[in-house]
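# Survey of secondary and tertiary structure
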Amino acid sequence: MRRLPPLTAIEAVVQVARLGSVKAAAQELALSAPALSRRVQALERFIDRPLFDRRHQAMVLNSDGERLIGQISPALDMMADAVEALTSPTDVQRLRLGVLPLFATQRLFPRLGELRALHPELHLDIDTGGHGISRLGEGLDAAIVLARDVEPALYARRLDRNRIYVIGNRAMVDGPDPIRDPRQLAQVTALVHRDMPDTFAAWCHAAGIDELEPLAIDHFDSGALMLEAVAQGLGVAFMHDSHFEDAHDPRLAKLFDISVESPYSYWFVCRPRALMQRPVKLFHDWLLQRLCA
């Protein structure tokens with residue numbers, strides 16, 4: 001049998017590649033940064049070549065690193081599947097699902113009772129952390145992500161198409177100084193989700209006000225917190241029609257009747273081989289039937 005590098009060194013390289021920094025990877029593995037760096041260096045010595053381009057406070061895979069990660073990822077997936085099969089009860093099918101909190105609250109959880117009735121053996125481990133696509137096969141079996149498109153190497157199904165709404169506090173419509181003209185948005189703060197950075201520019205372009213400069217643009221990584229900020233009068237949010245309609249919040253109002261197609265959609269994403277796993281297949285088929293009917 002050919003000699004292999006330590007699995008701990010491989011694990012360290014994979015985590016640094018996924019998270020982009022030694023500090024973040026060390027926290028993930030409960031190691032000190034120097035200890036994790038030594039593990040990365042051990043693998044680089046083993047193969048006698050560097051795997052990363054070292055940059056200020058970041059590490060980016062070079063071409064050799066990308067080739068190595070691409071070749072060992074399927075093997076790591078198979079190892080994880082084998083361990084999962086031996087450690088999980090045979091009558092439980094478990095899916096590790098990455099999903100954004102607002103999608104989970106508004107569109108997934110209200111329907112999970114139906115899924116449980118159809119497949120009582122299927123259990124979900126929900127992960128609302130970010131970077132769902134980069135974590136596939138490394139903690140996640142599948143993810144529901146918000147994106148323009150998905151890289152061709154992954155299996156992806158679009159779950160919806162959306163319009164961009166400008167969402168404001170109800171007082172911005174019914175109050176003594178209502179906002180009627182899009183140019184009045186220069187007087188307020190714009191709230192934009194980090195996963196949808198182009199919504200503001202796309203809406204302004206469609207409204208014919210490309211040069212609009214709001215008081216500020218505040219970025220959020222939580223759609224639910226964006227909606228609450230709007231309800232509290234802290235700004236206007238550039239979000240999807242489904243986010244507004246599924247909120248059912250009387251404190252919120254759509255400000256204009258301008259119709260703007262969003263460049264972003266929700267996608268179901270997994271590695272192609274993951275569809276061969278029964279939990280992923282069960283959830284995938286139910287989700288597409290339920291949301292894409």
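Below: a short report on this structure. Remember, it's a predicted structure, so these values are computed and weren't measured experimentally. (Residues numbered from 1 in each chain as written. Predicted model: local features only at pLDDT ≥ 70, side-chain atom pairs only at ≥ 80, totals over all residues. Heavy atoms only, no water.)

### Observations regarding the overall build of the chain
Helices and strands together make up the secondary structure of the chain, namely eleven helices and twelve strands. Overall size of the chain, expressed as C-alpha extent along the three principal axes, is 80 × 50 × 30 Å. Looking at the chain as a whole, 45% of its 293 residues qualify as buried. With an accessible surface of roughly 15600 Å², the chain has 53% of that area assigned to carbon and sulfur atoms. In the chain, 33 side chains carry a positive charge and 38 a negative one; their mean positions are 6 Å apart. (Helix = DSSP H or I, 4+ residues; strand = E, 2+ residues; numbered from the N terminus. Buried < 20%, exposed > 50% of the residue type's maximum accessible area, 1.4 Å probe, protein only. Areas by Shrake-Rupley, 256 points an atom, 1.4 Å probe, with all protein chains shown as cover. Lys, Arg positive; Asp, Glu negative; His and termini not counted. Charge placed at Lys NZ, Arg CZ, Asp CG, Glu CD.)

### Considering the side chain of Thr-189
With respect to the helices, strands and loops of the structure, Thr-189 is situated in strand β8 (residues 189–193). Residues within four places of Thr-189 in sequence aside, it is in contact with Leu-215, Ala-216, Asp-218, Leu-234, Gly-235 and Val-236. (Contact = heavy atoms within 4.5 Å.)

### Thoughts on the packing of helix α1 (residues 7–19) against helix α3 (residues 33–47)
Running from amino to carboxyl end, α1 crosses α3 at an angle of 105 degrees, the nearest separation of the two axes being 8 Å. With respect to each other, α1 and α3 are oriented roughly perpendicular. Contacts between α1 and α3 involve Thr-8, Ala-9, Ile-10, Glu-11, Ala-12, Val-13 and Val-16 from the first element and Leu-36, Arg-39, Val-40 and Leu-43 from the second. Here the contact of α1 with α3 is composed, by residue class, of eight nonpolar, one polar and two charged. (Axes fitted to C-alpha atoms, helices over the stretch in contact; angles between N-to-C directions. Parallel < 35°, antiparallel > 145°, perpendicular 65-115°, else oblique. Nonpolar A, V, L, I, M, F, W, Y, C, P; charged D, E, K, R; others polar.)

### Considerations on the sheet that holds strand β6 (residues 155–158)
One open sheet holds the five strands; their spatial order is β4-β3-β5-β12-β6, and the pairing between them is mixed. The sheet is open, and its two borders are formed by β4 (122–127) and β6, each paired with just one other strand. The average undirected angle you get between the axes of adjacent strands in this sheet is 25 degrees. As defined by bridge partners, strand β3 (residues 93–99) adjoins β4 across six bridges and the pair is classed as parallel. By the bridge assignment for β4, Leu-95 is matched with Leu-124. Across the sheet, helix α5 (residues 101–108) lies against β3, β5 (142–147) and β12 (265–270), angled at about 120 degrees from β3, the strand it touches most. Packed on one face of the sheet, helix α11 (residues 278–291) meets β3, β4, β5, β6 and β12 and runs near 55 degrees to β3. (Pairing = 2+ DSSP bridges.)

### Points about unusual backbone geometry
Even without being a glycine, Asp-48 presents a positive backbone phi close to 60 degrees. Looking at the secondary structure, you find Asp-48 in the loop between α3 and β1 (52–55). Here the phi dihedral of His-248 falls at roughly 50 degrees; this positive angle occurs in a residue that is not glycine. Structurally, the position occupied by His-248 is in the loop between α10 (241–247) and β11 (252–254).

### Observations concerning the side chain of Ser-21
Mapping Ser-21 onto the fold places it in the loop between α1 and α2 (22–28). Here the side chain of Ser-21 touches Ala-24 through a polar contact of 3.0 Å, landing on its backbone nitrogen. (Polar contact = N/O pair within 3.5 Å; in protein donor to acceptor, adjacent residues only side chain to side chain.)

### Structural notes on the sheet that holds β8
Strand order across the open sheet formed by five strands is β9-β8-β10-β7-β11, with mixed pairing between neighbours. Strands at the two margins of the open sheet, each flanked by one partner only, are β9 (216–220) and β11. The sheet shows a mean angle of 35 degrees between the axes of neighbouring strands, taken without regard to direction. Pairing analysis gives three bridges linking strand β7 (residues 164–169) to β11, with the strands arranged antiparallel. Counterpart to Asn-169 in the pairing with β11 is Leu-252. Against the sheet, helix α8 (residues 199–206) touches β7, β8, β9 and β10 (236–240), its axis set at about 100 degrees to β7.

### What about empty space enclosed by the protein?
This model, assessed by the stated rule, comprises two cavities of 30 Å³ or more. Size it by volume and the second largest cavity reaches roughly 60 Å³. In this structure, the second largest cavity is lined by Leu-100, Pro-101, Leu-102, Leu-146, His-193, Asp-221, Gly-223, Met-239, His-243 and Tyr-266. Looking at the lining of the second largest cavity residue by residue, the classes come out as six nonpolar, three polar and one charged. (1 Å grid on protein atoms, 1.4 Å probe; cavity = no way out; pocket = protein on both sides within 12 Å on 5 of 7 lines; lining within 4 Å. Points joined across faces, edges and corners; volume = space filled by probe spheres on them.)

### Quick look at the nonpolar core
Counting 29 residues, the largest nonpolar core has Ile-144, Leu-159 and Phe-283 as its most contacted members. Going through the elements one at a time, β3, α5, α6 (112–118), β4, β5, β12 and α11 are the ones with two or more residues in this core. In terms of nonpolar packing, the next biggest core, distinct from the first, is built from 20 residues, Val-166, Met-172, Ile-179 and Leu-212 among them. (Core = buried A, V, L, I, M, F, W, Y, C linked by side-chain atoms within 4.5 Å.)

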